[in-house]
Amino acid sequence: MKRNVVLELTGVERHYGQGDTLLSILKGADFSISKGETVALVAPSGTGKSTLLHVAGLLEHPDGGEVNINGHACDGLSDEKRTAIRRSEIGFVYQFHHLLPEFSALENIMMPQLIAGLSWKEAGERAGQLLDYMRIGHRGSHRPGELSGGEQQRVAIARAVANAPTLLLADEPTGNLDPETASYVFDALEALVRQSGLAALIATHNHELARRMDRRVTISDGKIVDF
Ligand SMILES: Nc1ncnc2c1ncn2[C@@H]1O[C@H](COP(=O)(O)OP(=O)(O)OP(=O)(O)O)[C@@H](O)[C@H]1O
C-alpha cells in the first residue's frame, strides 16, 4: 500500500438483484485517496455514487474486491469491527442533514463523541470549537428546526468530523441548498477538511465546486476514472 493512503478500493464489485434483473453497478472499481487529499466524485444520476460511498464507508459489503482503510482490510472483519472502524475513522455528510430534532446543535455534535466514550466536558468543548469554526457558535443551543438549511448543514459537517476521523465521505452535501448558500457551506467544508488534513471524497453534481478539489473522478461502466 502507498504511503499515507487512507482509503483504497481494489477491484470492487457491487451488484443488485439477480438473474435477468441483475444490475452491475461497480465492476472492478479501483480507487485510492491519501491523507489530506480532496476528491470530487462527479457522475450522472444512477451510475453508483451513493453505492460507492456506502461500500467505501463500510455501510455495505462489496460483492467482490477489497476495501482497505488505513491499512485495515475491512471485508473479512466482523460487523462489530467494521462499526468500530466506521466510528473512529470515517465521517459522513449527506444531502439531508439527519440531525436529531430533539437535541440542540451543540448536543448533536457532541453525540458521536459521547458514543466514543468522551466525557460530557470534553465533548462539549470540542463541539463548541467546531461550532465556532463553522461560524455558528451563537446557535449552539438551538434545535435543528430553528436553524436555516445552511446552518443545519454546517452542524451536520461539524458532527461528521467531531471524532477526528481520517476520511470524510460526503454525498451531495450541498445538493439541497440554493447556489449562494451551497457555495458558503462548501467553503466551510473545504476549509475544515484542509485544516484538519482529512482525506475527503465528495459526490457532487456541481462542477464549479468539483473544480476546487485536488482531483475529480467519475464512474464509467462500473469503474472509477479520473477526468
Ligand atoms: N438496494 C438496492 N437494490 C436494487 N437496486 C439498487 C439498490 N441501491 C441502488 N440500486 C440501483 O443502483 C443504481 C445506482 O444507485 P446509486 O444510488 O448508487 O446512484 P447515484 O449515482 O448515487 O444516483 P443519484 O445521483 O441519483 O443519487 C441505481 O440504478 C439504483 O436504482
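This one's a predicted model, so the numbers in the text were calculated from it and none came from an experiment. (Residues numbered from 1 in each chain as written. Predicted model: local features only at pLDDT ≥ 70, side-chain atom pairs only at ≥ 80, totals over all residues. Heavy atoms only, no water.)

Quick question: what am I supposed to make of the confidence of the model for the protein chain here?
Interpreting fine coordinate detail is not advised for predicted regions of low pLDDT. Looking at the protein chain as a whole, the pLDDT averages 94, with 99% of positions reaching at least 70. This prediction of the complex comes with two scores: 0.94 for pTM and 0.95 for ipTM. (pLDDT = per-residue confidence, 0-100.)

It is not clear to me how the nonpolar core should be interpreted in this structure. Could you clarify?
Buried together is how nonpolar side chains tend to be arranged in soluble globular proteins. With 37 residues, the main nonpolar core has Ile109, Val155 and Leu168 as its most contacted residues. Elements represented by at least two residues in this core include exactly helix H3 (105–115), helix H4 (120–133), helix H5 (149–161), strand E7 (167–171), helix H6 (179–196), strand E8 (199–203) and helix H7 (207–210). Counting residues per element, this core draws most heavily on H6, which supplies seven residues. Ignoring sequence-local partners within four residues, the contact set of leucine 168 consists of Gly91, Val93, Ala160, Val161, Leu189, Val193, Leu198, Ala199, Ala200 and Leu201. By size, the runner-up hydrophobic cluster in this structure holds 31 residues, among which are Leu9, Ile25, Ile85 and Ala199. (Core = buried A, V, L, I, M, F, W, Y, C linked by side-chain atoms within 4.5 Å. Buried < 20%, exposed > 50% of the residue type's maximum accessible area, 1.4 Å probe, protein only. Helix = DSSP H or I, 4+ residues; strand = E, 2+ residues; numbered from the N terminus. Contact = heavy atoms within 4.5 Å.)

Where do I start with the sheet that holds E7 in this structure?
For sheets, the rule is that strands pair by backbone hydrogen bonds, running either parallel or antiparallel. Reading across from one edge, E6-E7-E8-E3-E9-E10 is the order of the six strands in this open sheet, with mixed pairing throughout. In this open sheet, the two strands that pair with only one neighbour each are strand E6 (90–93) and strand E10 (223–226). Averaged over all adjacent pairs, the angle separating strand axes in this sheet is 20°, with direction ignored. One ladder, built from four bridges, connects strand E3 (residues 38–41) with E8; its direction is parallel. Pairing of valine 39 across the sheet is with leucine 201, part of E8. (Pairing = 2+ DSSP bridges. Axes fitted to C-alpha atoms, helices over the stretch in contact; angles between N-to-C directions.)

Could you clarify how one ought to interpret the site of the ligand in this entry?
All residues adjacent to the ligand are Tyr16, Leu23, Ile25, Pro44, Ser45, Gly46, Thr47, Gly48, Lys49, Ser50, Thr51 and His205. Take serine 50: an N or O atom from its main chain is 2.8 Å from an oxygen atom of the ligand. Here threonine 51 contributes a side-chain N or O atom positioned 2.6 Å from an oxygen atom of the ligand. Notes on the ligand: free accessible area 640 Å², of which the protein chains cover 56%. Elements supplying a minimum of two residues to the shell around the ligand: strand E2 (23–34) and helix H1 (49–56). Looking at which element gives the most residues to the shell around the ligand, the answer is H1, with three residues. When the residues that make up the shell around the ligand are grouped by side-chain class, the tally is four nonpolar, seven polar and one charged. (Near = heavy atom within 4 Å. Polar contact = N/O pair within 3.5 Å; in protein donor to acceptor, adjacent residues only side chain to side chain. Areas by Shrake-Rupley, 256 points an atom, 1.4 Å probe, with all protein chains shown as cover. Nonpolar A, V, L, I, M, F, W, Y, C, P; charged D, E, K, R; others polar.)

What should I look at first to understand H1 in this one?
One full turn of an α-helix is made of 3.6 residues, so residues set three or four places apart face in the same direction. Extensive coverage of H1 is indicated by the burial of six of its eight residues. Among the residues making up H1, those that are buried are Lys49, Thr51, Leu52, Leu53, Val55 and Ala56. Two residues or fewer past H1, leucine 58 is found with a positive phi of approximately 65°.

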